[in-house]
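Remarks on the overall topology
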Amino acid sequence: MTVETRVRRASWVSVLQRQGAAVALVLMVVVAWFGFPRFGSPDNLRDIALQSAFLAVIALGMTFVIITGGIDLSVGSVYALGGVLAAYGSQWGFLAALLLPLAVCGAIGLLNGLLVARTGMAPFIVTLATLLFARGLLLAITSEGATTYRIADDSAFLELGRGTLLGFGYPVFVALALCVAGGVLLRRTAFGQSVFAVGGAEHSALLMGLPVARTKTLVYVMSGLLSGLAGAMTAAYLQSGVTVIGVGLELDAIAAVVIGGTLLTGGMGTVLGTVIGVALRTVIQNVINQIGTLDSNYQSVVSGAFLLAVVVLQRSPAKDPDRR
Amino acid sequence: MTAPAPARFDRRRTARWLQEYGVYAAVAALLLFNIAFTANFLTVGNFRTQLVQAAPVCIVALGMALVIGTEGVDLSVGAVMALSAAVIPLYLGYGPLPAVAVALVAGLVAGAFNGVLVAYLGIQPIVATLALLVGGRGLALVIADGQLVQVHDPTFLWLGSGDVLGVPVGVLLAGVFAVVVALLVGRTTFGRQIVAIGGNRVASTLAGLPVKRALLGVYAICAVLAAVAGVLATARLSASDPADVGLLMELSAITAVVVGGTPLTGGRVRVLGTVTGALLMQLVAATLIKHDLPYSTAQVAQAAIIVGAVYAARERSSR
Amino acid sequence: RESPTTTSGTGGPAASAAASQVAGPGCSREAIGYPRVDVKDAVVGFSQSEKEANPFRTAETRSIRDEAARLGVPEDRLLVTNAQSDVNKQVGDIKSLLDRGAQLLIVAPLNSDGLQPALEAAKAKKVPVITIDRKVSSEPCGDYLTFIGSDFVEQGKRAAEAMVEVTGGSGKVAILLGASGNNVTTDRTKGFKDNLPAGLEVVAEQTGEFDRSKGQAVMEQLIQSNPDITAVYAENDEMGIGAVTALRSAGRSPGRDVKVVSVDGTRNAVQLLADGAYNAVIESNPRFGPLAFQALQDFADGKGIPENVIISDDRYDESNAAAKLGNAY
Amino acid sequence: MVLEVVDVTKEFTGVRALDRVSFALEPGEVHALVGENGAGKSTLIKVLTGVHRPTSGTVLHRGEPVEFARPADAQRAGISTIHQEVNLVPLMSVAGNLFLGREPRRFGLVDRRRMNAEAAEILGHHGIREDVRRPLGSLAVGAQQMVALARAVSAEAGVVVMDEPTSSLEPREVETLFSVVERLRGRGVAVVYVSHRMDELYRICDRVTVLRDGRRVHTGPLRDLPRIELVSMMLGRTVGDLREHGATAFGDEHRAATEPVLEARDLTSGQRLRGVSVSVRPGEVVGLAGLLGSGRTETARAIVGALPLDSGTVLVGGVEVGSGVPGAMRAGIGMLAEDRKAEGIIPNLSVRENIVLAALPRLSRFGVVSRAEQDRIVATFVERLRIKVSSPEQKVSELSGGNQQKVLLARWLCTQPKVLLLDEPTRGIDVGAKAEVQALVDELARDGLAVLLISSELDELLDGADRLLVLKDGAVVDELVGDQLTQDNVLTAIAAGQPAAEAS
Ligand SMILES: Nc1ncnc2c1ncn2[C@@H]1O[C@H](COP(=O)(O)OP(=O)(O)OP(=O)(O)O)[C@@H](O)[C@H]1O
Ligand SMILES: Nc1ncnc2c1ncn2[C@@H]1O[C@H](COP(=O)(O)OP(=O)(O)OP(=O)(O)O)[C@@H](O)[C@H]1O
Ligand SMILES: [Mg+2]
Ligand SMILES: [Mg+2]
């Protein structure tokens, strides 16, 4: 069913379909570059990179989860929780600021993973519950959100969010390094292969003797860790553990992953696509800002329309089960 | 048979029973808890309040259950509620009936939009409806010029506060829809086709079922039900509030459906379970408020209850 | 030394209260070495925090635009962004305003914390920043120029006073809290509870998330489980109005057997007040435009700008509601 | 004994699939496991390989009791399996599937180049010369089966279990498989071999175990066991009962009408169908012969409207059919799909609902379905096709493969079609059921139904069809009628391989 129809399409159409996000990104950038004089300024480009970095780290974890055929709705809450914990932990120094959020967020990921892999409950509902749980935990440790932990001006931890190299913030490099590592992990390791296999045909993977439950558990742990790390970097960047961030972030991450060509039903996807999806989202937002006169209500209409345009553009025939 | 067999059998029976009746048991348990420990719980007014508040979620969840039965999901229901709420004040000048009709048509159009994306363009439901989730509320705000509008038409407001034979209109509607959807699923060709499509779409296509048409229909029904919920919410609030109406409704509705025992993998629709799921989540929320628990505790408790209920109702694989 | 500070703690408006209206010589251009930028010739950036989908935000943005127009700032030199309730986006928005050449910035922060990188970017470019409505927990006259807005703790306190007046100082109060994690919620709660006399007992505190329908739903629950509630304090008008609807459908008459006090001053609430279904509204004034531009001009002219400019909030009660209805937004 | 089970019982809710079965496997033997559909063969295999946990009883590996908690455990113990349904990952590359779980590494990372090269080589030995980087799902079913085989035997295994490995293979591939089995035997590997094809069993198996209704009824050497006795043990009927039948259960030629009811002209779809024309008259059985990938399935799919066509028309009774499957159905065409699991059954629905699915519109008034009517029809077909179910409300996914096939056949018969396209109708069906299905096809044709029969078993085609079209590379290369229907003629036609139109 996959290949059958694909063969029949003219090749440029198939390029457009497979690389829809990349094509859209290039188009967007070209238009913005010439349409808005400030778009191409180094400062603006650095901002775009930095803005993308946090989401990219989260979307990286989401990519793995989605390729196994799952979904992680808890990332937004876990991200916020990670930030608060990092700011809280920073009073005991750099390591505490980094390890506290990773430990707690990794544990929440583990909880997700165990519930999904061992009990056969739907990932959607498990992670929906942990979305609530993480938010509740966050509120509990901030006395219902009244307390905001700040990171002291001289804390070494601040560097993680605010340090720069060649003008680009450290988070950009962290995100890049993680994405490269993630790409290698996905493409070139046995773990990556079993991620694809679990998503493509779980039962078969089990019969082939792959560690299905472990693979599933691990991707959720990864997603939790990465969301926590993104939260920690955000806290370092914003210099405080802001309690109100991350609401609805899961949808941004999912949208970026899917726009990047990862199949929501699992079994297919790339890290590069996800990075492109994230960049596309940031660029679109930046362009909306450049236009400047857009009513705030129109902004979400435009975002929705863009999302739609990209998914329609790259609609892969593989997703249409009737076309056999 | 070896010795431990009877014990194992018993546990399996309990598990089966829980899977089948878990939601109902949970609702019963929560009711008992409240009767015992919550002040002023056993009053007509209180039950009325719970039912009235559960009605919109319940109506949306019924549509959602159908969509989930086809192995889909509709994230746009909240946005559709906003759209339906946004158009009401624009047409209320022509009378309540035209206004409601236009709101439902808005839902129908949104549903058809989703349906075309899913059925004819083959886009995955979660992404297709995500587009409308992102853009739909914005559109509603554009239509309403970003403003909350007070509604004064008494006939229209009756939908939110009126009674028929002592039953609030919204509750009555939810009940009627539940019966209709149950009949639809159990007794009609369309209903059986939905379940078959969710079970095996390729096989359904090859068996000559009108797969695309059925999918289109399902998304349309779901969105129209969401529009009905938007009308009810507007009437109850006596204001059209596109910025907030139906916010996060998609998650509440999906939770109700799944807690009610309908698997997200499609191929099965439990209507009574869905209604009960909506009631359960309503009772949980009410209990937490009535005991004046802080928001953080309430969230954690809800998470635990969702996991517990779904855990009990999950499909076990036999091996 | 990195002790956590609450937003309502030392850095918040509570400390400065109304007294700080004129605090010493203030912050002047020479002192911090910023260039002189006349408001009329400048590119002005305004970063709004959330959608203009509620009366407060609508009035706030309109006030900025109106004042800019009045001063003759051409339309294309007033850059406006909207962070859509996302702190990260607001940081990006402010930076992109700077990139696009904004020389003066007015920011309505989404949150007290988290704007630090954006403020530093402005500081690096020597662009003065005025925060309106919500005070940020950064360095005044350093990271930002001044804060113009209400004192939320004070608003809570005034609501408590109004509550005492309308109830006679005794009864059972339910509080409809704003969104969790929001410092407006924290401050309005603190100001209210700290100034409540012993006769007024708080029987429930539940969040209505600043939303009318949530406020209504929560009130419906509370009135069932605590039928003896005699007063409601809603932390914004929307929830207050929701509570009125809930009380009415439970057969109570809001304004009489259950007193309702809230904060904001929207037209709908004041209308209810005039109709007798409400008891008091503490205004939270969104008309920052004139004050903000005045401060920017003063700064350009070399005058000292105080650390906090507290906008005056009105109060609506049964006696003046009908007369002042036109003032409500 | 490399592998042994003692007194194993396996119960599913309400069904006892295995009842105190004992079974032992010696090194270097090829052990046939036979029985009717639903006898418990696959279940026994799943117990052996850690997919199912036995309700009671023990599994011994090299004399030691073992508990395989999951398939990975069994694999680690050197037991590799080809399951009845192809169990690979369709979206993954062919090479990826072959090496999944034991990829060649370099510096700790998967060495793709080596993996592809080795995969190409291994598959070459099995007669598969596809690009190994293609997604597996784009290969024909038979090729996928060969990949599964290659995967199973390329692991260092002491036991290889094959559950109906040949059901979707063509003769040439079957030969490859046999040579692989021979090699395994030579290496002292024990093979469990499940098949419904008697010829195969007698060719390669040393011993046989017969299961009936979940019980073991016989174990012993195969060579001296008369075929008819084996069948009688499987079916539980006396030898005398069975004597009358030949190799297949088809009768003589049918008396067909003169005017074709189905006419498909010039069906063309890319490279896969190149101008195929087929016509079938009422009461006639037309066979489609050809190698795997010759376009037989595509022809059937095109006729039923499930394959987008570049050109071509389909007429029923002289009238062009509507578009899509519903259009073809309205015209009276039904198709029994090749892949039962993916394209046939709706696993979560009951047997009843699966049977009436296609006929629903006919069974309902104003969209409301009549339950009594359904029950009547279902009862009729369960009886007529002898479908083994505990109740019509049983989930179809709990049935054995053969019974699922009968359910699907019933689905089409109850739409009262004029034309029935049968794509491998007896694949994976036991001898008894196979004879029943064949007799049924015969009977249907006698009643005036037009049947297009696709089968990989030449005997079935030669006996069953009145007329045979030979396909090659998506085109008709020959048409055989009456006396021409011989094995030699078919093979010659395939070998010659000029499309009929061009040849003449
Ligand atoms: N998961 C299951 N749940 C319930 N019953 C099952 C399950 N799997 C198999 N069965 C039942 O167990 C019995 C044996 O099935 P099995 O698949 O082992 O038969 P088989 O001998 O392999 O048949 P075939 O030749 O058709 O493949 C059947 O009656 C079947 O319905
Ligand atoms: N998914 C697919 N993508 C591309 N080509 C395909 C696909 N499936 C089959 N083909 C090609 O189409 C042709 C015919 O397919 P198919 O194997 O189904 O024919 P067949 O004669 O029905 O064989 P059988 O039924 O025995 O498997 C072959 O050349 C095959 O390689
Ligand atoms: Mg079997
Ligand atoms: Mg075929």
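Residues numbered from 1 in each chain as written. Chains lettered and ligands numbered in written order. Predicted model: local features only at pLDDT ≥ 70, side-chain atom pairs only at ≥ 80, totals over all residues. Heavy atoms only, no water.

Looking at an unreviewed UniProt entry, one finds chain B named ABC transporter permease, with Saccharothrix lopnurensis as its source organism. UniProt annotates chain B under Subcellular location (unreviewed entry) with the comment "Cell membrane". (UniProt positions renumbered as here; feature names shortened; annotations may be inferred.)

1. Section: the overall build of chain B
Secondary structure assignment for chain B yields 13 helices and four strands. The C-alpha atoms of chain B give a radius of gyration of 20 Å, which matches the 20 Å a tight globule of 319 residues would have. With the C-alpha coordinates aligned to their principal axes, the bounding extent of chain B is approximately 75 × 60 × 40 Å. A total of 319 residues make up chain B; the buried ones form 61% of that total. Considering only intrachain contacts with a sequence separation of at least 6, the fraction spanning at least 24 residues in chain B is 78%. Only carbon and sulfur atoms are counted for the fraction: they give 70% of the accessible area of chain B, which is about 11,600 Å². If the 19 positive side-chain charges of chain B are averaged to one point and the 12 negative ones to another, these points end up 17 Å apart. (Helix = DSSP H or I, 4+ residues; strand = E, 2+ residues; numbered from the N terminus. Rg over C-alpha atoms; globule rule 2.2 N^0.38 Å. Buried < 20%, exposed > 50% of the residue type's maximum accessible area, 1.4 Å probe, protein only. Contact = heavy atoms within 4.5 Å. Areas by Shrake-Rupley, 256 points an atom, 1.4 Å probe, with all protein chains shown as cover. Lys, Arg positive; Asp, Glu negative; His and termini not counted. Charge placed at Lys NZ, Arg CZ, Asp CG, Glu CD.)

2. Concerning the state of the cysteines
Counted according to the given criterion, the structure contains one disulfide over all chains. Between Cys-27 of chain C and Cys-141 of chain C runs a disulfide, and the two sulfur atoms are separated by 1.9 Å. The sign of the 75° torsion about the S-S bond sets the Cys-27 of chain C-Cys-141 of chain C disulfide as right-handed. Of this pair, Cys-27 of chain C sits in the loop between α1 (13-16) and α2 (29-32) while Cys-141 of chain C sits in the loop between β5 (129-132) and β6 (146-149), placing them 114 residues apart in sequence. For Cys-27 of chain C, a relative accessible area of 3% gives the class buried. Exposure remark for Cys-141 of chain C: the relative accessible area of 29% places this residue in the partly exposed category. Take Cys-58 of chain B: it sits in no disulfide, and the sulfur closest to it among the cysteines is that of Cys-222 of chain B, at 13 Å. (Disulfide = S-S within 2.5 Å.)

3. A short note on the coordination of the magnesium ion (ligand 4)
Residue and element names in this part refer to chain D. Coordination of the magnesium ion (ligand 4) by the protein is provided by Thr-297 (OG1) and Glu-338 (OE), with metal-donor distances spanning 1.7 to 2.6 Å. Placement of the pair is Thr-297 in helix α10 (residues 296-303) and Glu-338 in the loop between β18 (333-336) and α12 (340-344), with a sequence separation of 41 residues. The same class applies to Thr-297 as to Glu-338, namely buried. (Donors = N, O, S within 2.8 Å, 3.2 Å for Na, K, Ca; no water.)

4. Concerning the interface of chain B and chain C
Each side of the interface is counted separately: chain B has 28 residues, and chain C has 28 residues. Both sides together, the interface formed by chain B and chain C hides about 2,300 Å², and carbon and sulfur atoms give 44% of it. For the pair chain B and chain C, the interface holds one salt bridge. Here Arg-236 of chain B ties to Glu-220 of chain C by a salt bridge, and the two come within 2.6 Å at their closest N and O atoms. Applying the counting rule to chain B against chain C returns 16 residue pairs in polar contact (both at pLDDT 80 or more). Of the residues that constitute the side of chain B that touches chain C, the class distribution is eleven nonpolar, twelve polar and five charged. (Buried area = accessible area lost by both parts, 1.4 Å probe. Salt bridge = Lys/Arg side-chain N within 4 Å of Asp/Glu carboxyl O. Polar contact = N/O pair within 3.5 Å; in protein donor to acceptor, adjacent residues only side chain to side chain. Nonpolar A, V, L, I, M, F, W, Y, C, P; charged D, E, K, R; others polar.)

5. What about the interface of chain A and chain B?
Contact residues are listed per partner, giving 39 residues for chain A and 42 residues for chain B. Together, the buried faces of chain A and chain B total about 3,700 Å²; carbon and sulfur atoms form 77% of this surface. For the interface between chain A and chain B, the tally reads zero salt bridges. Here chain A is connected to chain B by four residue pairs in polar contact (both at pLDDT 80 or more). For the side of chain A that touches chain B, the secondary structure elements donating two or more residues are α6 (94-119), α7 (123-141), α13 (249-259) and α15 (296-313) of chain A. Per element, the largest residue contribution to the side of chain A that touches chain B is eleven residues, and it comes from α7 of chain A.

6. Quick notes on the packing of helix α3 (residues 20-35) of chain A against helix α14 (residues 271-291) of chain A
Residue and element names in this part refer to chain A. Taken N-terminus to C-terminus, the directions of α3 and α14 make an angle of 30°; their axes are 9 Å apart at the nearest point. What the angle tells us is that α3 and α14 run roughly parallel. In the crossing of α3 with α14, the sense of the turn from one axis to the other is left-handed. Note on element contacts: α14 touches α3 through Ile-276, Ala-279, Leu-280, Val-283, Ile-284 and Val-287, opposite Ala-21, Ala-22, Ala-24, Leu-25, Met-28, Val-29 and Ala-32. (Axes fitted to C-alpha atoms, helices over the stretch in contact; angles between N-to-C directions. Parallel < 35°, antiparallel > 145°, perpendicular 65-115°, else oblique. Left-handed = near helix turned anticlockwise from the far one by under 90°.)

7. Brief notes about helix α11 (residues 289-300) of chain C
The α-helix winds at 3.6 residues per turn, so residues separated by three or four positions along the chain end up facing the same way. Residue and element names in this part refer to chain C. Helix length check: α11, at twelve residues, gives a terminal C-alpha distance of 17 Å against a target of 16 Å (1.5 Å per residue), a fit within 8%. Here α11 lies mainly inside the structure; nine of its twelve residues are buried. Gly-289, Ala-292, Phe-293, Ala-295, Leu-296, Gln-297, Asp-298, Phe-299 and Ala-300 are the residues of α11 that are buried. On its buried face, α11 is in contact with α2, β2 (44-48), α3 (55-71), β4 (104-107), β5 and β6. (Expected span 1.5 Å × (residues − 1).)

8. Remarks on the pairing of strand β10 (residues 259-264) of chain C
Residue and element names in this part refer to chain C. Counting buried positions over the six residues of β10 gives six, a clear majority of the element. Residue alternation in β10 divides its side chains into two sets, Lys-259, Val-261 and Val-263 and Val-260, Ser-262 and Asp-264, and both sets are buried. Direction of pairing for strand β9 (residues 231-234) relative to β10: parallel, over a ladder of four bridges. Note that in β10 the partner of Val-232 across the bridge is Val-260. Between the parallel elements β9 and β10, the chain passes through helix α9 (residues 237-249) in a crossover that is right-handed. In terms of strand pairing, β10 meets strand β11 (residues 280-283) through four bridges, oriented parallel. Among the inter-strand pairings, Asp-264 is bridged to a residue of β11, identified as Glu-283. (Pairing = 2+ DSSP bridges. Right-handed = clockwise from strand over helix to strand, strands pointing away.)

9. Digging into the side chain of Ser-49 of chain C
Tracing the sequence through the fold places Ser-49 of chain C in the loop between β2 and α3. When residues no more than four places from it in sequence are discounted, the contact partners of Ser-49 of chain C are Arg-57, Asn-82, Ala-83, Gln-84, Ser-85, Gln-90, Ala-108, Pro-109 and Leu-110 of chain C.

10. Description of the sheet that holds strand β3 (residues 30-35) of chain D
Residue and element names in this part refer to chain D. Taken together, the six strands give an open sheet; going across it, the order is β6-β9-β10-β3-β11-β12, and neighbouring strands pair in mixed fashion. The strands lining the two open edges of the sheet, one partner per strand, are β6 (79-82) and β12 (215-221). Averaged over all neighbouring strand pairs, the angle between strand axes comes to 15°, with direction disregarded. In terms of strand pairing, β6 meets strand β9 (residues 159-163) through four bridges, oriented parallel. Its bridge partner being in β9, Ile-82 is matched across the sheet by Met-162. Where helix α8 (residues 227-235) meets the sheet, its contacts fall on β3, β11 (207-212) and β12, and the angle it forms with β11 comes to roughly 30°.

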